[in-house]
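One-letter residues, chain by chain:
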Number of protein chains: 2
Amino acid sequence: MPRHLVVGAAQLGPIARHEPRAEVVTRMIWLLEQAAGRGCSLVVYPELALTTFFPRWFMPDQAEIDTFFETAMPNATTAPLFERAKELGLGLSFGYAEKTVVDGKVHRYNTSIIVDGSGEIVHRYHKIHLPGHHEHEAWRAFQHLEKRYFEPGEAPFAPVEVFDGQIGLAICNDRRWPETYREHALRGTEMVLIGYNTPVHYPPAPEHDHLQCFHNHLSLQAGAYQNGMWVVGVAKAGKEEGCDLIGQSCIVAPTGEIVAQASTLGDELITADCDLDRCAEIRTNIFDFKKHRRPEMYPLLSAKV
Amino acid sequence: MPRHLVVGAAQLGPIARHEPRAEVVTRMIWLLEQAAGRGCSLVVYPELALTTFFPRWFMPDQAEIDTFFETAMPNATTAPLFERAKELGLGLSFGYAEKTVVDGKVHRYNTSIIVDGSGEIVHRYHKIHLPGHHEHEAWRAFQHLEKRYFEPGEAPFAPVEVFDGQIGLAICNDRRWPETYREHALRGTEMVLIGYNTPVHYPPAPEHDHLQCFHNHLSLQAGAYQNGMWVVGVAKAGKEEGCDLIGQSCIVAPTGEIVAQASTLGDELITADCDLDRCAEIRTNIFDFKKHRRPEMYPLLSAKV
């Protein structure tokens with residue numbers, strides 16, 4: 001039986017700081033319904049899909065920071081998205097800021113989930129590579145306080161079996177690290193879903209701003225090819241609260257080829273019919289890990305150095 | 001003091017099976033003299049630069065195989081290259097098939113060396129990722145018997161301090177593995193020199209033949225960007241004994257940008273002025289390993305799985 005998964009990458013345009021989540025959910029449902037009409041089984045939205053990218057502001061008041069977090073999922077605001085997806089039999093993946101209490105201790109994560117076609121959350125991932133900085137840095141045009149507002153995830157990358165395949169998650173900065181894709185691939189991931197919010201301007205090295213789009217695709221395409229894996233990259237794009245975010249949402253085949261790409265910086269759905277069996281074209285050949293990898297020659301990769 | 005290294009990537013066109021090594025050395029010296037005239041301090045030649053790519057033939061007779069190997073370096077045939085380089089004060093790097101005896105045991109490696117401006121061999125590397133197969137496979141249009149003819153290298157990737165920088169080596173198939181660049185970068189390599197022989201046709205997956213050039217640059221550029229490292233990729237190119245080899249020799253900046261590229265499939269020199277201090281633009285920012293890597297989240301990368 002061929003394992004074809006028709007995927008929609010649902011890019012979102014900017015979300016204003018005070019835009020109600022219910023309005024965002026309405027936009028997400030609009031994209032969801034397009035996806036249903038185009039034969040998708042899975043719709044993928046960006047990182048922190050429900051709100052503006054709030055780590056760009058230093059907020060001394062934790063109560064204010066917490067207004068951007070969800071304490072339950074689904075919740076009253078996102079329920080219509082879950083319900084509509086279930087009616088249509090569509091799976092979902094999106095990112096959000098998660099506040100959770102475990103054994104009396106509060107945790108805050110940059111989270112992404114996979115929801116199957118019956119509305120069940122079947123996988124939850126906490127972002128491993130938190131970029132940016134921890135303290136307020138006044139010299140920056142805007143902040144990038146992910147290291148302050150979130151704890152890093154503590155569970156390695158791994159897929160879940162759903163949609164007749166091995167599907168995995170990563171978030172934004174994770175996609176720049178070859179380790180992300182390799183850990184996934186060594187555990188059998190066939191498709192990785194990666195939402196992102198990427199400013200054009202990178203304050204510590206503005207001399208590379210003109211390369212942001214190039215680096216985005218370079219990382220996604222190399223990750224796909226070098227692991228024989230489908231990669232779905234989904235942007236929050238456009239000018240959000242004065243900050244320009246790149247778009248370029250794309251679906252990348254296990255050959256590294258971009259097979260679908262967004263051409264706007266707004267809400268836009270792109271789709272591709274992904275044959276999960278094509279991973280084998282790469283993994284049983286040039287990147288047959290068992291035959292060709294030399295892990296004993298990579299002692300530093302897993303080591304604290 | 002700025003650390004600018006002007007590098008020449010000296011692509012070689014095809015070498016016939018019975019072409020005398022002395023003729024190849026004459027071609028290499030011709031490229032060397034061009035490099036001197038263009039201000040180079042280091043000239044980089046391909047993998048197995050002195051002979052045709054002999055692993056494409058199954059040879060049952062070890063004595064015949066050994067005709068492609070060098071038992072000393074330099075030797076009578078390569079001495080003119082070493083001497084001319086020394087006269088010009090130029091460093092060299094090239095690959096060759098090395099047969100060596102250690103404690104009475106014969107070893108055969110796919111080797112690459114770095115020669116400093118005084119003619120001394122300052123670094124020797126044995127290829128870690130040997131592609132291809134071990135037994136004769138008659139169904140192939142041509143063989144790829146590296147796993148049969150060579151032992152794999154047993155020393156991890158590491159740079160040598162020379163040319164006022166940290167310079168490292170990798171060979172051909174190594175460049176497809178992100179582990180190669182990362183192990184180098186974690187040991188401080190600022191520039192990696194990579195010769196290759198890459199057929200357009202890959203017998204186990206001919207459906208990807210049209211992507212060979214794309215995969216070549218994708219791997220080299222991702223390795224450069226994701227490690228903030230200069231990458232010098234040098235091909236043996238053109239139709240060699242009926243086998244089409246890709247060209248596309250290139251010099252890649254730590255930003256992943258190709259700053260020089262060959263435009264023929266023959267003997268051709270390309271050059272670039274490489275500022276080794278530019279590695280820091282990437283390594284102290286987006287890929288600040290100490291700040292952002294999470295090695296405890298990559299348990300499988302160094303593990304036998």
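All of the points below concern the structure found in this document.

**Topic: empty space enclosed by the protein**
Residue and element names in this part refer to chain A.
Right, on to step 1. In this structure the tally under the stated criterion is 5 cavities of 30 Å³ or more.
Right, on to step 2. Considering only enclosed or pocket space, the largest cavity measures out at about 70 Å³ in volume.
Right, on to step 3. Around the largest cavity, the lining is made up of 17 residues, and of these Tyr45, Phe94, Gly95, Ser112 and Gly195 lie nearest the centre.
Right, on to step 4. Each residue belonging to the lining of the largest cavity can be placed in one class, and the counts come to 10 nonpolar, 6 polar and 1 charged.

**Description of the pairing of strand E7 (residues 165-171) of chain B**
Residues and elements named next belong to chain B.
Right, on to step 1. With 6 of its 7 residues buried, E7 lies for the most part within the structure.
Right, on to step 2. In the sheet, strand E6 (residues 160-162) pairs with E7 via 3 bridges, with the strands oriented antiparallel. In the strand pairing of E7, Val160 is matched with Ile167.
Right, on to step 3. Of the strand pairs in this sheet, E7 and strand E8 (residues 191-197) are connected by 5 bridges, and their pairing is parallel.

**As for the packing of helix H1 (residues 21-37) of chain B against helix H3 (residues 79-88) of chain B**
All names here are of chain B.
Right, on to step 1. Contact pair H1 / H3: the axes reach a minimum separation of 10 Å and the direction vectors enclose 10°. Here H3 runs roughly parallel to H1, going by the angle between their axes. Counted together, Val25, Met28, Ile29, Leu32, Glu33 and Ala36 of H1 and Pro80, Leu81, Arg84, Ala85 and Leu88 of H3 form the full contact between these two elements.
Right, on to step 2. A class-by-class count of the residues in the contact of H1 with H3 yields 9 nonpolar, no polar and 2 charged.

**Details of the pairing of E8 of chain B**
The side chains of a regular strand alternate between the sheet's two faces.
Residue and element names in this part refer to chain B.
Right, on to step 1. Burial within E8 is extensive, with 7 of its 7 residues counted as buried.
Right, on to step 2. Where burial is concerned, the two faces of E8 agree: the one with Met191, Leu193, Gly195 and Asn197 and the one with Val192, Ile194 and Tyr196 are both buried.
Right, on to step 3. This β-α-β element, E7 to helix H5 (residues 178-186) to E8, shows right-handed connectivity.
Right, on to step 4. One ladder, built from 7 bridges, connects E8 with strand E9 (residues 230-236); its direction is parallel. Counted as the bridge partner of Leu193 is Val232 from E9.
Right, on to step 5. One crossover worth recording links E8 to the parallel E9 by way of helix H6 (residues 212-225), and it is right-handed.

**Observations regarding the environment of Cys243 of chain B**
Residue and element names in this part refer to chain B.
Right, on to step 1. Mapped onto the elements of the fold, Cys243 is located in strand E11 (residues 243-245).
Right, on to step 2. In this structure, the C-alpha to C-alpha distance between Cys243 and Phe94, residues 149 residues apart in sequence, is 22 Å.
Right, on to step 3. Excluding anything up to four places from it in sequence, Cys243 contacts Arg56, Phe142, Pro199 and Gly238.

**Describing the relation of the copies chain B and chain A**
Right, on to step 1. After a rotation of 180° and a shift along the axis of 0.0 Å, chain B superposes on chain A with an RMSD of 0.0 Å. In short, the pair behaves as if placed about a two-fold rotation axis.
Right, on to step 2. When the interface residues of chain B are mapped onto chain A, 100% of them again lie at the interface, so the same face is used by both copies.

Reading guide: rules and limits
- Each residue is numbered by its place in its chain's sequence as written, counting from 1.
- Here chains are named by letter from A upward and ligands by number from 1 upward, in the order in which they appear as written.
- Where local features are concerned, this predicted model is filtered to residues with pLDDT of at least 70; where side-chain atom pairs are given and counted, the filter is 80 or more; whole-chain, interface and lining totals use all residues.
- No hydrogens and no water enter the side-chain calculation; it runs on all heavy atoms of the structure.
- Put plainly, a pocket is an open set of points on a 1 Å grid over the protein atoms alone with protein on both sides within 12 Å along at least five of seven lines, a cavity is a set where a 1.4 Å probe fits but cannot get out, and a lining residue has an atom within 4 Å of a point.
- Grid points are joined across faces, edges and corners, and a volume is the space filled by probe spheres set on the points.
- For this classification, Asp, Glu, Lys and Arg are treated as charged, while Ala, Val, Leu, Ile, Met, Phe, Trp, Tyr, Cys and Pro are nonpolar and the rest, including Gly, are polar.
- Accessible area is worked out with a 1.4 Å probe on protein chains only. A residue is then buried under 20% of its type maximum, exposed over 50%, and partly exposed in between.
- Counting from the N terminus, the helices are the DSSP runs of H or I reaching at least four residues and the strands are the DSSP runs of E reaching at least two.
- Two strands qualify as a pair provided that DSSP identifies no fewer than 2 bridges between them.
- Axis geometry follows a simple rule: fit a line to the C-alpha atoms, using only the stretch in contact for helices, then measure angles between N-to-C directions, giving values from 0 to 180 degrees.
- An angle below 35 degrees is read as roughly parallel, one above 145 as roughly antiparallel, one from 65 to 115 as roughly perpendicular, and any other as oblique.
- When checking whether two residues touch, look at their non-hydrogen atoms; a contact exists if any pair is within 4.5 Å.
- By convention, a crossover is right-handed whenever its connection, traced from the first strand over the helix to the second and viewed with the strands pointing away, goes clockwise.
- Here the copies are superposed with least squares, the fitted atoms being C-alpha atoms of residues at a pLDDT of at least 70 in both.

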